[in-house]
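Chain and residue survey
Here is what each chain is made of, one letter per residue.
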Amino acid sequence: MDVLNVEYMLGLVPVLLRYLPLTLQLAGIGMVLALILACLFAVVRVLRIPVLNQLTIVFISFFRGTPLLVQLFLFYYGLPQLFSALTVIDGITATIMGLTMHFSAYMAESIRAAIVGVDRSQTEAALSIGMTNGQLMRRVVLPQATRVALPTLMNYFIDMIKATSLAFTLGVTELMGATQKEAAGSFLYFEAFIVAAIMYWIVVELLSKLQNYLETRLNKAYNR
Amino acid sequence: MIKLSSLSKHFGETVVLDEIDLAIEEGEIVVIIGPSGTGKSTLLRCINFLEQPTAGTMTVGDLTVDVNRASRADILSMRRRTAFVFQNYALFANKTALQNIAERLLVVDKWPKEKAYQRAREILDQIGLADKADAYPASMSGGQQQRVGIGRAMAAGADVILFDEPTSSLDPEWVEEVLGLMKQLASERQTMMVVTHEMSFARDVADRVIFIDGGHIVEQGPPGDIFHNPKDPRTKAFLKKILATSPV
Ligand SMILES: Nc1ncnc2c1ncn2[C@@H]1O[C@H](COP(=O)(O)OP(=O)(O)OP(=O)(O)O)[C@@H](O)[C@H]1O
Ligand SMILES: [Mg+2]
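What counts and how
Residues numbered from 1 in each chain as written. Chains lettered and ligands numbered in written order. Predicted model: local features only at pLDDT ≥ 70, side-chain atom pairs only at ≥ 80, totals over all residues. Heavy atoms only, no water. Contact = heavy atoms within 4.5 Å. Buried area = accessible area lost by both parts, 1.4 Å probe. Salt bridge = Lys/Arg side-chain N within 4 Å of Asp/Glu carboxyl O. Polar contact = N/O pair within 3.5 Å; in protein donor to acceptor, adjacent residues only side chain to side chain. Helix = DSSP H or I, 4+ residues; strand = E, 2+ residues; numbered from the N terminus. Pairing = 2+ DSSP bridges. Axes fitted to C-alpha atoms, helices over the stretch in contact; angles between N-to-C directions. UniProt positions renumbered as here; feature names shortened; annotations may be inferred.

All right, on to the interface of chain B and chain A then. Each partner contributes residues to the interface: chain B has 26 residues there, and chain A has 22 residues. Three residues, B:Phe92, B:Asn94 and B:Ala138, lead the burial of chain B against chain A; their summed loss comes to 23% of the area buried on that side. In this assembly, chain B and chain A are joined by two salt bridges. The salt bridge partner of A:Glu124 is B:Arg45, with a shortest N-O separation of 2.8 Å. Summed over the shared surface of chain B and chain A, the number is 10 residue pairs in polar contact (both at pLDDT 80 or more). Taken together, the elements giving at least two residues each to the side of chain B that touches chain A come down to helix H2 (72-81), strand E6 (82-85) and helix H3 (97-108) of chain B.

Structure (structure tokens):
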């Protein structure tokens with residue numbers, strides 16, 4: 001086995017770091033949009049709003065039941081074919097659409113379960129003192145549901161960061177795409193991908209730290 | 001001050017409350033007794049609109065509603081006049097004792113923060129839990145939680161407090177402190193309707209005992225009359241059974 005080319009690896013760090021912001025943006029925007037969509041789906045499911053509820057069930061089933069890569073290709077290659085106005089859809093947009101829909105399907109279910117899990121008698125207590133449905137959601141149900149759903153949602157965010165690497169298959173030069181190009185130029189594949197792997201790893205570790213901090217804070221009320 | 005006229009509640013085919021008529025004076029302490037499943041909880045829940053009654057009219061204070069014509073605003077307004085104490089406390093788990101009591105003043109009555117918390121502290125003093133202001137429900141005993149539950153009802157400044165078996169979930173060691181607080185409220189002439197199996201509380205505190213069976217008020221009167229001289233055979237049978245386990 002040849003010795004690792006450490007010098008090459010160190011030189012690669014600043015080069016690849018330039019592409020990290022795009023990776024984080026894809027995941028960040030995807031997460032915000034997915035959260036909004038997931039909350040809407042969860043409310044539709046909890047309140048069993050007719051028609052929308054059935055549509056949501058089918059949507060969730062489809063996006064959980066098919067591979068993310070297939071969904072990305074559907075958006076990237078399929079949409080322009082369906083709507084001729086979209087002669088091309090750029091890879092970044094397709095990636096964000098795919099990540100949003102795919103992860104919102106998963107997150108909707110955990111948010112729904114968390115809302116349903118809030119003790120029914122607290123809902124009655126809130127109504128009994130004259131709160132409106134909106135006040136009851138904002139002041140009692142959602143704060144408790146957030147605490148229950150937070151660990152799962154953070155795990156999905158971490159999954160999403162890693163899933164952004166699929167964007168390179170749509171020609172997006174994010175962290176993975178850039179690494180691929182660098183490696184193809186130098187033929188030092190192992191070195192290049194190890195550097196990329198460590199970068200993903202560090203980002204995920206930082207997020208796990210944030211997750212622990214948030215969980216400790218939110219759990220304050222529930223410890224004896 | 002509280003008046004129910006022909007108040008009925010059906011669950012599908014089942015008639016749980018059958019045209020109940022009842023009037024309660026301001027400052028009156030009414031204890032409701034009766035066998036399991038006869039509609040005692042349903043009666044209290046209808047007054048608080050936690051259940052939508054099927055028919056009838058209700059008056060609390062200066063508000064009268066025909067239950068079938070009650071608007072959203074009427075329902076909220078009726079709830080604000082009637083406070084509920086739950087068997088399982090039902091405190092907001094994400095809020096401290098102080099916040100549980102202040103919540104209604106802040107959110108429903110829109111009091112300024114300072115005033116609401118000051119009032120909530122006064123109530124914590126009255127219920128003997130000043131030192132638990134910042135404790136969360138999970139860290140309190142059942143007795144303490146139920147006292148906060150009562151404090152939350154007191155904060156409402158409601159025309160009537162409805163108690164649905166407030167001591168039934170408690171370990172025996174905590175029952176007295178909760179009954180003690182209820183007696184204190186009774187001595188301040190807070191209007192109360194109390195569903196309970198604590199017959200000694202009924203005897204010592206109630207102005208009137210109401211026996212309900214099968215969705216009807218079967219018999220009512222001062223505790224002395226009901227306990228020592230019941231007229232209806234159903235009342236006699238019920239009291240014989242319950243006094244064997246919880247003597248007066
Ligand atoms: N949501 C509901 N749907 C259908 N039936 C109900 C519902 N709530 C109560 N009931 C029925 O109404 C009847 C009266 O119930 P309720 O809880 O008012 O009785 P209770 O007198 O409070 O009994 P307990 O002493 O056991 O608390 C019961 O037969 C019960 O099964
Ligand atoms: Mg009951």
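After presenting the structure, the write-up continues.
This brings us to the environment of B:Pro223. Inspection of the secondary structure assignment puts B:Pro223 in helix H8 (residues 223-228). Apart from the residues within four sequence positions on either side, B:Pro223 is in contact with B:Ala202, B:Arg203, B:Ala206, B:Asp207, B:Arg208 and B:Val209.

Another aspect to go through is the sheet that holds E6(B). Residue and element names in this part refer to chain B. Spatially, six strands are ordered E6-E7-E8-E3-E9-E10 in an open sheet, and the strand pairing comes out mixed. The outermost strands of the open sheet, each flanked by one partner alone, are E6 and strand E10 (216-221). When strand polarity is set aside, the average angle formed by the axes of neighbouring strands in this sheet is 20 degrees.

Further remarks concern the UniProt feature "transmembrane region" (unreviewed entry) in chain A. All names here are of chain A. Listed under "transmembrane region" (unreviewed entry) in the UniProt record, and renumbered for this structure, are residues 20-43, 55-76, 82-103, 148-168 and 188-207. Taken end to end, residues 20-43 comprises 100% helix and 0% strand; its first and last C-alpha atoms sit 34 Å apart. Spanning residues 188-207, this segment combines 95% helix with 0% strand, and its end C-alpha atoms are found 30 Å apart.

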